[in-house]
Amino acid sequence: MRPVDIEADVKEMERRKRVEAIMNSQLFREELERVVGDSIRESGADGISALLSDVMNIKSGTAPSTSCVVPINDIRGIDSMVYAKGEKLLRCKLAAVYRLIDLHGWTQGIYNHVTTRVSQDTEHFLLNPFGMMYNEVTASSLIKVNMQGDIVEEGTTNFGVNQAGFMLHSAIHQARPDIKCVVHLHTPSIVAVSTMKCGLLPLSQESCLIGDVSYHSYSGIVIDPDERQSIAKDLGPSNKVMFLRNHGVVCCGGTIEEAFHITYHTVLACDTQLKMMP
């Protein structure tokens, strides 16, 4: 057992080594040059002053007034070297979708998921840590799981995953390899439409943009193999929107961008249909 003061010295030496490695990293220098260059192009010298002010505010523990305290892209310098090619960008896109869903007011606390397939070969997926609000999700905090919902990489938090909630996504990803991203929501308008016998009607431009719609008689947490097969059968080989009766909707896409595009218009279509009702 090391004495407390020696232990503290060792930790400080390790911290200084990590800082030195980052400062000497080519990736860090390139990232710093990019940030400074962008700031100069956008705001000139005032942008640099604001940037330095933000850094000093963060260091002193006060919130900066010119930028988000928790950035979406929090993968910097040598940290990005641990991810496979393209995964950093994928993480940033997925974290941005979580923030957009929060900005639109479609969240329900820490519940629901947006998942994306990382690799077709390894069948790994990214999703939010179970316990973080949507406005707290960052690129590095996303958790990587396999098809069974087991954690492959835990991200930068000590939260786990909601395996029961992921099983719905897992069933869709397994049945439809063409789908790279799945968004699950149940806003009041979506739930209302999901309870209607007629479902979503082609009454607006938005309802036509999302294409053919499927319906599934949702019966709770997806743990039964027969239920997984039923979900795959009801979604079909090409549809990208499926209402879960009395529950919500899943919107899918071949890319993260397409999945959010479809989600956005699905929400608008449901809102419009309810406003048409007497």
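About the cut-offs
Residues numbered from 1 in each chain as written. Predicted model: local features only at pLDDT ≥ 70, side-chain atom pairs only at ≥ 80, totals over all residues. Heavy atoms only, no water. Helix = DSSP H or I, 4+ residues; strand = E, 2+ residues; numbered from the N terminus. Buried < 20%, exposed > 50% of the residue type's maximum accessible area, 1.4 Å probe, protein only. Contact = heavy atoms within 4.5 Å. Areas by Shrake-Rupley, 256 points an atom, 1.4 Å probe, with all protein chains shown as cover. Arc of directions from axis to C-beta. Salt bridge = Lys/Arg side-chain N within 4 Å of Asp/Glu carboxyl O. Pairing = 2+ DSSP bridges. pLDDT = per-residue confidence, 0-100. Axes fitted to C-alpha atoms, helices over the stretch in contact; angles between N-to-C directions.

## Regarding the overall build of the protein chain
Link 1 in the chain: If you tally the helices and strands in the protein chain, you get nine helices and eight strands.
Link 2 in the chain: Here the protein chain holds 278 residues, and the buried ones make up 40% of them.
Link 3 in the chain: Expressed as a percentage of contacts within the protein chain between residues at least 6 apart in sequence, the contacts between residues at least 24 apart total 60%.
Link 4 in the chain: Carbon and sulfur atoms provide 58% of the accessible area of the protein chain, an area that totals close to 15200 Å².

## With respect to helix H8 (residues 225–235)
Link 1 in the chain: Within H8, the full set of buried residues consists of Glu227, Arg228, Ile231 and Leu235. Projected down its long axis, H8 shows its buried positions confined to an angular sector of 105 degrees, all on one face. In H8, those exposed residues whose orientation departs by more than 90 degrees from the buried face are Pro225, Asp226, Gln229 and Lys233.
Link 2 in the chain: Lining the buried residues of H8 we find helix H5 (163–175), strand E6 (213–216) and strand E7 (241–244).

## As for the pattern of salt bridges
Link 1 in the chain: Enumeration according to the criterion identifies eight salt bridges in this entry.
Link 2 in the chain: Between Lys144 and Glu153 there is a salt bridge whose closest N-O contact spans 3.3 Å.
Link 3 in the chain: Glu258 is the partner of Lys240 in a salt bridge, and the nearest nitrogen-oxygen pair spans 2.7 Å. Placement of the pair is Lys240 in the loop between H8 and E7 and Glu258 in helix H9 (residues 256–276), with a sequence separation of 18 residues.
Link 4 in the chain: Overall, the relative accessible area of 27% leaves Glu258 in the partly exposed class.

## A few points about the pairing of strand E8 (residues 248–253)
Link 1 in the chain: Taken across its six residues, E8 has six buried, putting it largely inside the fold.
Link 2 in the chain: Judged by which residues are buried, E8 turns out to be covered on both faces: Gly248, Val250 and Cys252 on one side and Val249, Cys251 and Gly253 on the other are all buried.
Link 3 in the chain: By the bridge criterion, five bridges tie strand E5 (residues 181–185) to E8 in an arrangement that is antiparallel. Residue pairing for E8: Val182 is matched across the bridge by Cys252.
Link 4 in the chain: The antiparallel pairing of E7 with E8 creates a hairpin that spans three residues between the two strands, and Asn246 there sits at a positive phi of about 60 degrees.

## Thoughts on the confidence of the model for the protein chain
Link 1 in the chain: Mean pLDDT over the protein chain stands at 86; residues scoring 70 or higher make up 88%.
Link 2 in the chain: Predicted confidence is poor over residues 63–68, with pLDDT under 50, and the contacts of this stretch with residues over four places away or in other chains come to ten contacts.

## As for the sheet that holds E5
Link 1 in the chain: Taken in spatial order, the eight strands make up an open sheet running E4-E3-E2-E1-E5-E8-E7-E6, and their pairing is mixed. Two strands in the sheet have a free side with no partner beyond their single neighbour: strand E4 (151–153) and E6. On average, each strand axis in the sheet is inclined to that of its neighbour by 30 degrees, with strand direction left out of account.
Link 2 in the chain: Taken together, the three bridges between strand E2 (residues 124–127) and strand E3 (residues 143–145) define a ladder with antiparallel strand orientation.

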